[in-house]
Amino acid sequence: SPEEQQARWLEEGKAVVKQQAFLMKRALDNNNLRDGLKYSSNMLCELRTGLLSPKNFYELYIMVADEMRHLEQYFHDEMGRGRRMVELYELVQHAGNIVPRLFLLITVGSVYIRSKEAPARDILKDLVEMCRGVQQPMRGLFLRNYLLQCARDKLPDVGSEYGNETIDGIDFLMHNFAEMNKLWVRMQHQGPVRDRERRERERLDLRILVGTNLVRLSNMEGIDAEIYKTDVFPRIIEQVVSCKDTIAQQYLMECIIQVFPDEFHLRTLEELLGTCSQLQAGVDTKAILVALMNRLAAFAKTEPASIPSDVDMLSIFHSHVSTLSNSNLELSSILDLQVALVNFALGFAPDRLDFVDQTLASVAATLVAAKVSTVEGKAKEAMVQLLKTPMLSNGNPLTILALSNYGGLMAYLNLESRTEVAILVARIMKSSKVTVTSAADTEALLSFIQPLVKDVVEDSTGEAEDDEDFEAGQLLVASLIHSLDAADSQVLYQMYLVSRKHFGQGGPKRIKHTLMPLVFRAIMLARRIKKQESEGSAPGVGSKKVLGFVLETIKGLASSEPVSALRLFLQGAQCANECAEDKIAYEFVSQAFQLYEDDISDSKIQMEVVLTSAATLYEMDQLDPEDYDTLITNSTKHAVRLLKKPDQCRAVYSCSHLFWNGNVKYEDGKLFQDGKRVLDCLQRALKIGDVCMQASTNVHLFVEILNRYLFFLEGGNEKITIKYIQGLLDLVSEHLSTMDPGPEADNVRGHLNQTLAHIRRKKEEGETRFDELSF
């Protein structure tokens, strides 16, 4: 196979190089220069081959170059012993073949320059001219690369020991660059047409040899922006344009952008961009412009003070991008250009959003002219990147609110891509801690992220969205609620109204994530407004109105998430109570009970809700006593109807506290404390506990009820007497004696012992009513 043949030729060449290098070093060690030159010439003759591919030739060349260092060191030692380098320089020119002759000449020339027997400028000029003797492209490229490597630290430059005339170093590098570029281009036109692709691959493998000249130019100390503009840039561009080769022009333009400093590009910006229009049709000018804009945008961000005031980069780039956009470029390429232009504009002048919007408008005009309804493929990817760029450049998602053409471009994307952009908006909002401060901005922001807020089916692919991805998106939307803030309570209320309008269109899967944080934020607003009202200020909206908003919002959630809605109703009731809105608080609790009766069937959740509602009612001190009585009676009825007897028992004795509430007062100041109903609840709980079949649960409940009796006795409930407590103690002792020994019995005894220890302490403290108790 060709690969095997290449490998064989390479191994043969390396074997010869190794053998001749050994003989050369042995001859030099014996101070036999004539034989040393003969063997080195034999070694260098291996580089005359035309059989190897560029990759294999490069490997052989590196091996030869390493061995030539020994010869160069020998010449240097000879110089130290007083030998004149001009003699050696003339001696090596007698080599029989031009390839080894020129390699040897360059090697001696390197030491000749170091000896300073002649000006470096003259020797370099002679060497670069002599290299014209090799016109076979690959051999010529590697020969000139060897010249460049040997001369790279010996060029005339500012501060150099080999001459201070920078122009001499520039002349050498430009001459070598021009000749190498010609050789490189010539490779394209040698050989049959059928091998064209192979030749192009080989050329791409060798491009770095040409670019090395530009890299060395960029490292010269004496080249400043002015010299670059007048003496370097025009000569490079002349070579680029005149070669009329697509591969060479593409690579060299990219090389110019990458290797020279940004300050140099700013001084030659017009000329550099103007060159793009003179390139061959096959050159990807879009990639060149994008690379240049991205580089200058990064420079403008890090060193804004270095931008010359007389260079209007935005106008220059916009003009050239517009010219290219009106050519026959593909839509994706046009969009890539606009992405780079927007990125450049925001990096160079972050406050120039008008320019960004103008760019978006030109994109919209391009899409209209192309009669495109939805962008696809690479164009879609470019469009998504274009819409992301304004946010990513400055980390502020609200930037898009100032761009009037932004929303119109979103319409050209399919649902998946619009969702991608919307997620980025929400994610940056969350991470940037930016706040939205007006209803108009809220409307615009939620419109932009509509794919996350509202179910859209008109262009859906029909594929079900992954549940985890969906939930992650909804959590991001929920986090946006906490980014809405305004010092004016009325403005904030309007923002919440706008949010509910959008979230209400989200369907049951979405609103369970989005309405809940909205309710909590509205509750916080109601408390804030109440505080302002109590301090004597007059907010534009009252707490009563906000509480009405909370109530209606929770109702919207009730059908899809009844448990969450019920808990929110109780939260709203607490807030209404704090705001002294007793009728609204009553409505919140009534709605909670209605929802409980209609939609809550899970016994575990029922128990939790009954206890939570009882705790909520106990804390509500603004309710009218009659309304309070109605609500706690309902709560107790729900407790009695629980499915499991232990749950019933615990819920009923918990509800007994509702009838002995020092927070609720009648108009005459009398406390809402009904001792008889408390006793009824406790005795009802005792009866329920007595029918529990499991002995351990039974006794546990009796001890818990005993603790409630003690609580109310100490609290002054006259209906609770010592005889009830004594009866309970006897009942507990009786049941405890029948329990089997084990952990459950130990738990009950531990609980009972704590209660008995409390009674003993009361006796010791002198409370005589406890003296009658025996246990």
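In the block above lies the structure referred to throughout.
Values in this document were obtained by computation on a predicted structure and should not be read as measured data.

S.K.: Please give an account of the nonpolar core that cites residues and values.
M.R.: Grouped together as the largest cluster of nonpolar side chains are 266 residues, with contacts concentrated most on L217, F317 and M383. Setting aside its immediate chain neighbours within four residues, M383 contacts L335, V363, L367, V375, L409, Y412 and L413.

S.K.: Hey, could you go over helix 13 (residues 269–276) for me, with residue numbers and the actual values?
M.R.: Within helix 13, six of the eight residues are buried, leaving the element largely enclosed by the surrounding structure. Those residues of helix 13 lying buried are L269, L272, L273, G274, T275 and C276.

S.K.: Just give me the short version of the packing of aromatic side chains, but keep the residues and values in it.
M.R.: Tallied over the full model, the rule gives 18 aromatic pairs. A centroid spacing of 5.3 Å and a plane angle of 75 degrees characterise the contact between Y406 and F448, whose relative ring orientation is edge-to-face. Taken together, the positions of Y406 in helix 19 (residues 406–410) and F448 in helix 21 (residues 439–448) put the pair 42 residues apart, joining distant regions of the chain. Relative to F549, the ring of Y493 lies with its centre 5.8 Å away and its plane at 75 degrees, an arrangement referred to as edge-to-face. Remark: F549 occurs in helix 26 (residues 543–558) and Y493 occurs in helix 24 (residues 489–503); sequence separation between them is 56 residues. Each member of the pair, Y493 as well as F549, carries the same accessibility label: buried. Taken together, the aromatic side chains of F57, Y58, Y61 and F142 make up a single cluster linked through ring pairs. Over the face of the ring belonging to Y162 we find K116, whose NZ or CZ atom lies 5.8 Å from the ring centre. The ring of W184 carries the charged tip of R203 above its face, separated from the ring centre by 4.7 Å.

S.K.: Please provide a residue-by-residue account of the packing of helix 14 (residues 285–302) against helix 15 (residues 313–325), values included.
M.R.: In the contact formed by helix 14 and helix 15, the axes pass within 11 Å of each other and the chain directions differ by 165 degrees. Viewed along their axes, helix 14 and helix 15 adopt a mutual orientation that is roughly antiparallel. Seen from above, helix 14 lies across helix 15 with left-handed handedness. Contact with helix 14, carried on its side by T285, L289, L292, M293 and L296, involves M313, F317, V321 and L324 of helix 15 and no other residues of that element. Of the residues in the contact of helix 14 with helix 15, the class split is eight nonpolar, one polar and no charged.

The rules behind the values
- Residues numbered from 1 in each chain as written.
- Predicted model: local features only at pLDDT ≥ 70, side-chain atom pairs only at ≥ 80, totals over all residues.
- Heavy atoms only, no water.
- Core = buried A, V, L, I, M, F, W, Y, C linked by side-chain atoms within 4.5 Å.
- Buried < 20%, exposed > 50% of the residue type's maximum accessible area, 1.4 Å probe, protein only.
- Contact = heavy atoms within 4.5 Å.
- Helix = DSSP H or I, 4+ residues; strand = E, 2+ residues; numbered from the N terminus.
- Phe/Tyr/Trp six-rings, centres within 6.5 Å; stacked < 30°, edge-to-face > 60°.
- Lys NZ or Arg CZ within 6 Å of the ring centre and 35° of its normal.
- Axes fitted to C-alpha atoms, helices over the stretch in contact; angles between N-to-C directions.
- Parallel < 35°, antiparallel > 145°, perpendicular 65-115°, else oblique.
- Left-handed = near helix turned anticlockwise from the far one by under 90°.
- Nonpolar A, V, L, I, M, F, W, Y, C, P; charged D, E, K, R; others polar.

Everything listed here is a matter of geometry and, on its own, says nothing about what the molecule does.
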